[in-house]
Amino acid sequence: MVGFSSQKISKKQSVGEKLRALREANFYTTKRLAKKLLIHEKYVKAIEESRFDALPDAMSTKNFIKSYAKFFKKDTAPFLNQYLVETRQCLVSTKRPQKNPQKTFRFWGTTNLTRNILICLFVLAFVSYLGFEIKKIITPPEITLSAPQDELVVRKPIIRVVGKTEKEARLKINGEIVTPHSDGSFNEEVDLQRGLNLIKISASKKYSKEKVIYRKIIFEEAVVLRN
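All values derive from a computational prediction rather than experimental measurement.

Quick look at the environment of E221
Residue placement: E221 occurs in the segment after β8 (211-219). Residue E221 is classed as partly exposed on the basis of its relative accessible area, which comes to 42%. Each C-alpha atom, one on E221 and one on P157, is 8.1 Å from the other, the two residues being 64 residues apart in sequence. Beyond its immediate sequence surroundings of up to four residues, E221 is in contact with R155 and R194. One polar contact links E221 to R194, side chain to side chain, over a distance of 2.9 Å.

Right, dumping it as structure tokens:
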């Protein structure tokens, strides 16, 4: 008959017991270790006895355990993981999480698409602005005439040309340069010859074409009746 020998099943050490074993193996008392870790001795004892409810909070407990393990130059992750398992919390991963290639590719593709759209919008806005500025430079300035009316018959040899143009415009009346006021307005006298007079009002900018308005004015001398 075969005999059976009984073996004692070793109980797995708790995180507190492992930390206490570390302390004792390095010949530290709880009081001395507490001074080194800058925590209260009662917290060192509570950790070693797994009385986590005697500690301030979960975050403080994790920090105490990390400090405890680091002091004895041990990897903190196994101790923290065991603490979390014992308190039914989430594990602390000791490995860097692997990125999902498909998700990364999709995110990268989306990022590139967004970037390309933004670049296109920026280029389009810049081209539009540039086109607007070029058009403004080459477009002839506006001229608004208040007087005289076209094909007007007058009895005096002088007529006033009144109107307004753009501030930066170069204004001419019958080929002579006229300086408008600061707001672009002008009011100039023009001599008339007997009969039909053609008055040319023109304005241009540095790089623009010339804007021209004509006025036909008929000058007829007044007839003096003599007795």
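Regarding helix α2 (residues 30-37)
Within the span of α2, buried status applies to T30, L33, A34 and L37. Buried residues in α2, looked at end-on, bunch into an arc of 105°, giving them a common side. Looking at α2, the residues exposed on the side facing more than 90 degrees away from the buried face are K31 and K35. Considering only its buried residues, α2 is in contact with α1 (15-25), α3 (41-48) and α4 (58-71). L38 lies just past α2 and shows a positive phi near 60°.

Describing the pattern of salt bridges
All chains considered together, the criterion is met by nine salt bridges. Ionic pairing is found between E220 and R155, a salt bridge with its closest N-O pair at 3.0 Å. A residue pair is termed long-range when its members are at least 10 positions apart, and E220 in the segment after β8 and R155 in the loop between β2 (152-154) and β3 (158-165) qualify at 65 residues. For E220, a relative accessible area of 36% puts it in the partly exposed group. Several salt bridges converge on common partners, so that one network encompasses R23, E24 and E48.

Description of the side chain of S208
One can find S208 in the loop between β7 (195-204) and β8. Polar contacts involving the side chain of S208 include one to the main-chain amide nitrogen of K205, which spans 2.7 Å. Not counting residues up to four positions away in its chain, the partners in contact with S208 are I137, I138, T139, P140 and P141.

Points about the sheet that holds β8
Read from one edge of the open sheet, five strands run β2-β8-β7-β4-β5, paired in mixed fashion. Looking at strand neighbours, the two that pair on one side only are β2 and β5 (176-178), the edges of this open sheet. The mean angle between the axes of side-by-side strands here comes to 30°, regardless of whether they run parallel or antiparallel.

Calculation notes
- Residues numbered from 1 in each chain as written.
- Predicted model: local features only at pLDDT ≥ 70, side-chain atom pairs only at ≥ 80, totals over all residues.
- Heavy atoms only, no water.
- Helix = DSSP H or I, 4+ residues; strand = E, 2+ residues; numbered from the N terminus.
- Buried < 20%, exposed > 50% of the residue type's maximum accessible area, 1.4 Å probe, protein only.
- Contact = heavy atoms within 4.5 Å.
- Polar contact = N/O pair within 3.5 Å; in protein donor to acceptor, adjacent residues only side chain to side chain.
- Arc of directions from axis to C-beta.
- Salt bridge = Lys/Arg side-chain N within 4 Å of Asp/Glu carboxyl O.
- Pairing = 2+ DSSP bridges.
- Axes fitted to C-alpha atoms, helices over the stretch in contact; angles between N-to-C directions.

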